[in-house]
There are 2 protein chains.
Amino acid sequence: MKANIYDVSTKAGVSIATVSRVLNGSANVSDKTREKVHAAMLELGYTPNAFARGLGLGSMNTIGIMCSDSSDTYLANAVYHLEHELRKNGYDSFLCCSGYELETKKQYLKLLLSKQVDALILVGSSFLDMTPENNQYIVDAAQQVPVMLMNAALDKPNIYSVLCDDFHAVKHATSSLIQTGHRRILFLYKSHSYSGNEKLAGYRKAFKKHQLEVDERLIQRCPKKLSENIRFIAGLYDMGLEFDAVIASEDIMAVGAVKFAKSRSLRIPDELSIVGFNNSVLAECSEPAVTSIDNRVEALSVTTVNQLMQLFAGRDVPQKIMISADLVQRATTNFPPA
Amino acid sequence: MKANIYDVSTKAGVSIATVSRVLNGSANVSDKTREKVHAAMLELGYTPNAFARGLGLGSMNTIGIMCSDSSDTYLANAVYHLEHELRKNGYDSFLCCSGYELETKKQYLKLLLSKQVDALILVGSSFLDMTPENNQYIVDAAQQVPVMLMNAALDKPNIYSVLCDDFHAVKHATSSLIQTGHRRILFLYKSHSYSGNEKLAGYRKAFKKHQLEVDERLIQRCPKKLSENIRFIAGLYDMGLEFDAVIASEDIMAVGAVKFAKSRSLRIPDELSIVGFNNSVLAECSEPAVTSIDNRVEALSVTTVNQLMQLFAGRDVPQKIMISADLVQRATTNFPPA
DNA sequence: CATGAGAATGTAAGAGCTTACAATGTGAAA
DNA sequence: TTTCACATTGTAAGCTCTTACATTCTCATG
């Protein structure tokens, strides 16, 4: 049924080695032969079997990408840019959405390794657990292939990181809020993750710099779903928690804050200033549009792939690259121009 | 370096056939042997080589998924649900983002076939060109493996479709707008695609039903990017095109319409009613939140995978399944309750 | 015309797994 | 104890390709 290399070689009247040479663009084939082979391939509708090639070659230039959830706008973007960039460099990618369970992550990582990927890219800080032994499976994987972490860092051999400077970005945004007169800044985060912690540290640092105390009640873990996070923020407000600004670790929560403000007729940004994170399309869609920290997914993705290519080329590569974030001001803050 | 099945068999003191049996969960292995083998695998950090397995088995239970652009919210969601559902059924997926160029599409489809996928899922109506010969490459692929189209239809052997009833959804929404007094309904579409045409046909049908003429100037191709589509809509308005309602084939355009209305102080929904499409999170984030047609990505994805599983089980499967859409009313329309 | 270098092609041995079939082992029934 | 059925294990061929090495061809040179 499906044609293989033997069928092609028979039809073209050459040996399979020659067909293979044509397939791989080897120089040592005469033009006439090459044409005969191409014709035979076309006629038979031949598609080389990637399994056999992979087995023979030991690799098929594919990179395993793992993220927790590709329906998340941010991760989807990252994956998109990664895939695009990889392909530009002649690599395929194999995507796995692992969800948030440790066991599934382990299992999927094993799956990727079994596919003989040449490297692994783990996207998102949700891959780093705060308990070191829960990251052991990543360290183990790094014994087989290089591992690139995007938005997370782990100081182990053969593990490289490309991340956004969330710490300074949040520190700067918080500082700007303080400078524009805000003292009660609600900090909303999604979960305890590497970048979540960085952001929080930036928040604290800004307060420290201004010699202000942090009210721990202002640091809240917030649900992601819009309807829920609106209710959550309103709940805090109704319980008497006072705040005059919000920094959210995801745009969707910032949008929630906007909706909450509207529901209570709080004026934005006068009575409530809001800063989001990721600078996704959500921030633009909101009304008023949300000021957001742009952590530059595309730059991160491109850099990640570049690092990998450097590594493959045998060059030395820094274990950790930090990219600075941009603050995109829109209508939910009135920071003075830089 | 990397352990293979021979290493395991040596270490466990059994033949490779037995190791293979353990690997594949075959029943004919004694418990004692199974344990020995497992221990050896663990000790060697053995990961089976998927290329070799695939070569031996002829297939590795993987499905090729192709979409134009996984950074698109809608497609990202579709891909997410597809992957999830496939995995539930024991299948891996291989994702390719083809972009919008015909040549790239062909090339990537070939790539997927070379990976020996057991089936292809093409997501999104952008895969069907209006020129039939440009779809030939899909028809060809269907000779090798079943092809599932999500949100598109092509009546050819071994090609199956799962789609949303965009026609009736738009017809109904348009009708509702007409019934609530609107006559000048701007129809914004992204491109000439299968579902784009269906939507437009629904629009026309509604006018016909109410014995009204369609003003062709109200049918406009609109850019997708928010900043651009706001400008585009404003441009139409400034050129003197009158409209009292908008139906957009994507939520992002509906959000653009909202932003436009605000910029001109048009009251929503009184002076301008707006209906979006996809019921994405954007529709919720907008202020006022946008009424949107929910074309039920998850249901589509689940159905697509189910169809495929039926097919693999050798059962008869309808060539085309239509799923009806929901209209989710929010603040940009005032349709009477159903 | 003989020779030799280099290009073009072919042969055959893998790559790591599955599995049909053969061989061996086990225990119950005779 | 023998025999038979069946569970367990091993042997070897096969899946499709790559590639080192061997062979053959071509043609300029002596």
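Residues numbered from 1 in each chain as written. Chains lettered and ligands numbered in written order. Predicted model: local features only at pLDDT ≥ 70, side-chain atom pairs only at ≥ 80, totals over all residues. Heavy atoms only, no water.

## Some points on the overall build of chain A
Looking only at helices and strands, chain A features 13 helices and 12 strands. Taken against the 2.2 N^0.38 rule, which gives 20 Å for 338 residues, the C-alpha radius of gyration of chain A at 25 Å runs more than 25% over that of a compact globule. Put simply, chain A has 338 residues, and 57% of those count as buried. Put simply, chain A shows about 14,600 Å² of open surface, and 49% of that area lies on carbon and sulfur atoms. (Helix = DSSP H or I, 4+ residues; strand = E, 2+ residues; numbered from the N terminus. Rg over C-alpha atoms; globule rule 2.2 N^0.38 Å. Buried < 20%, exposed > 50% of the residue type's maximum accessible area, 1.4 Å probe, protein only. Areas by Shrake-Rupley, 256 points an atom, 1.4 Å probe, with all protein chains shown as cover.)

## Brief notes about the protein's contact with DNA strand C
By nearness alone, 25 residues border DNA strand C, and R21(A), T33(A), I5(B), S20(B) and Y46(B) come closest of all. Counted by atom, the contact set of DNA strand C within 4 Å of the protein is 62% sugar and phosphate. Between DNA strand C and R21(A) there is a distance of 2.4 Å, counted from a base oxygen to a side-chain nitrogen or oxygen. Between DNA strand C and Y46(B), the relevant distance is 2.4 Å, taken from a phosphate oxygen to a side-chain nitrogen or oxygen of the residue. Of all the elements in the fold, those that place two or more residues in the surface near DNA strand C are α2 (16-23) of chain A together with α1 (5-12), α2 (16-23) and α4 (50-57) of chain B. (Near = heavy atom within 4 Å. Polar contact = N/O pair within 3.5 Å; in protein donor to acceptor, adjacent residues only side chain to side chain.)

## Brief notes about the relation of the copies chain B and chain A
Placing chain B over chain A gives an RMSD of 0.1 Å and needs a rotation angle of 180°, together with 0.1 Å of translation along the axis. Overall, the copies show the geometry of a two-fold rotation axis. Every residue of chain B has its C-alpha some distance from the rotation axis, and the shortest such distance is that of F51(B), at 2.2 Å. (Least-squares fit on C-alpha atoms with pLDDT ≥ 70 in both.)

## Quick look at the nonpolar core
Counting residues in each nonpolar core, the largest one holds 94 residues, and the members touching the most others are Y203(A), F243(A), I274(A), Y203(B), F243(B) and I274(B). I274(B) has contacts with V246(B), A254(B), A257(B), V258(B), I268(B), V290(B), T291(B), T332(B) and T333(B), leaving out every residue within four places of it along the chain. Counting 58 residues, the second largest nonpolar core, distinct from the first, contains L75(A), V79(A), I63(B) and I323(B). (Core = buried A, V, L, I, M, F, W, Y, C linked by side-chain atoms within 4.5 Å. Contact = heavy atoms within 4.5 Å.)

## Considering the protein's contact with DNA strand D
Within the structure, DNA strand D sits among 25 residues, and I5(A), S20(A), Y46(A), R21(B) and T33(B) are positioned closest to it. A share of 63% is what sugar and phosphate atoms reach among the atoms of DNA strand D within 4 Å of the protein. In the environment of DNA strand D, a phosphate oxygen lies 2.6 Å from a nitrogen or oxygen atom belonging to the side chain of Y46(A). In this structure, R53(A) approaches DNA strand D through a side-chain N or O atom, which is 2.9 Å from a phosphate oxygen. The set of elements that each furnish at least two residues to the surface near DNA strand D consists of α1 (5-12), α2 and α4 (50-57) of chain A together with α2 and α4 of chain B. A per-element tally of the surface near DNA strand D places α2(A) first, with 4 residues. In terms of residue class, the surface near DNA strand D is made up of 12 nonpolar, 10 polar and 3 charged. (Nonpolar A, V, L, I, M, F, W, Y, C, P; charged D, E, K, R; others polar.)

## Observations regarding empty space enclosed by the protein
Evaluated as defined, the whole model comprises 5 cavities of 30 Å³ or more. If you list the elements that add at least two residues to the lining of the largest cavity, you get α4 of chain A together with α4 of chain B. Considering only residue class, the lining of the largest cavity consists of 9 nonpolar, 2 polar and 2 charged. (1 Å grid on protein atoms, 1.4 Å probe; cavity = no way out; pocket = protein on both sides within 12 Å on 5 of 7 lines; lining within 4 Å. Points joined across faces, edges and corners; volume = space filled by probe spheres on them.)

## A word on the pairing of strand β5 (residues 159-164) of chain B
Residues and elements named next belong to chain B. Among the 6 residues that make up β5, 6 are buried, leaving the element largely enclosed by the rest of the structure. What you see with β5 is no split at all: I159, S161 and L163 on one side and Y160, V162 and C164 on the other are buried throughout. Alignment of strand β4 (residues 147-150) against β5, held across 4 bridges, turns out to be parallel. What sits directly across from M150, in β5, is V162. (Pairing = 2+ DSSP bridges.)

## Some points on the environment of E287(A)
Tracing the backbone through its elements, the reader meets E287(A) in the loop between α12 (281-285) and β10 (291-294). Taking the C-alpha atoms as reference, E287(A) lies 12 Å from P269(A); in sequence the two are 18 residues apart. At a separation of 3.2 Å, a polar atom in the side chain of E287(A) contacts the side chain of K259(B).

## Remarks on helix α10 (residues 226-238) of chain A
For α10(A), which comprises 13 residues, the first-to-last C-alpha distance of 18 Å matches the rise-based estimate of 18 Å (1.5 Å per residue) to within 8%. Taken residue by residue, α10(A) has L226(A), N229(A), I233(A), A234(A) and L236(A) as its buried positions. Seen end-on, α10(A) carries its buried residues on one side only, within an arc spanning 155°. What points out from α10(A), more than 90 degrees from its buried face, is the exposed set R231(A) and D238(A). On its buried face, α10(A) is in contact with β6 (185-189), β7 (219-221) and α11 (251-263) of chain A together with α12 (281-285) of chain B. G240(A), located one to two residues past α10(A), shows a positive phi value of around 95°. (Expected span 1.5 Å × (residues − 1). Arc of directions from axis to C-beta.)

## Description of the domain arrangement of chain A
Domain annotation for chain A reports domain 1 (1-59), domain 2 (60-163 + 297-325) and domain 3 (166-294). Put simply, the middle of domain 1 of chain A and the middle of domain 3 of chain A, counted by C-alpha atoms, are 59 Å apart. (Domains from an automatic or database assignment.)

## Focus on the side chain of Q307(B)
Tracing the backbone shows Q307(B) in helix α13 (residues 297-312). Of the residues examined, Q307(B) reaches a relative accessible area of 7% and is grouped as buried.

## Some thoughts on the packing of aromatic side chains
Counted according to the given criterion, the structure contains 15 aromatic pairs over all chains. Measuring from ring centre to ring centre gives 5.1 Å for Y237(A) and F260(A), while their planes differ by 70°; the resulting arrangement is edge-to-face. Here Y237(A) is found in helix α10, whereas its partner F260(A) is found in helix α11, with 23 residues between them in sequence. Where Y203(B) meets F207(B), the ring centres are 4.9 Å apart and the plane angle is 50°; that geometry is what we call tilted. A residue pair is termed a helical-turn pair when its members lie 3 or 4 positions apart in one helix, as Y203(B) and F207(B) do in helix α9 (residues 194-209) at 4 residues. On the basis of relative accessible area, F207(B) is assigned to the buried category, the value being 2%. Here the aromatic cluster, defined as three or more aromatic residues joined through ring pairs, consists of F187(A), Y189(A), Y203(A) and F207(A). In this structure, K199(A) packs its charged tip against the face of F277(A), placed 4.1 Å from the ring centre. Here R87(B) stacks its cationic end above the ring of Y108(A), 4.1 Å away from the centre of that ring. (Phe/Tyr/Trp six-rings, centres within 6.5 Å; stacked < 30°, edge-to-face > 60°. Lys NZ or Arg CZ within 6 Å of the ring centre and 35° of its normal.)

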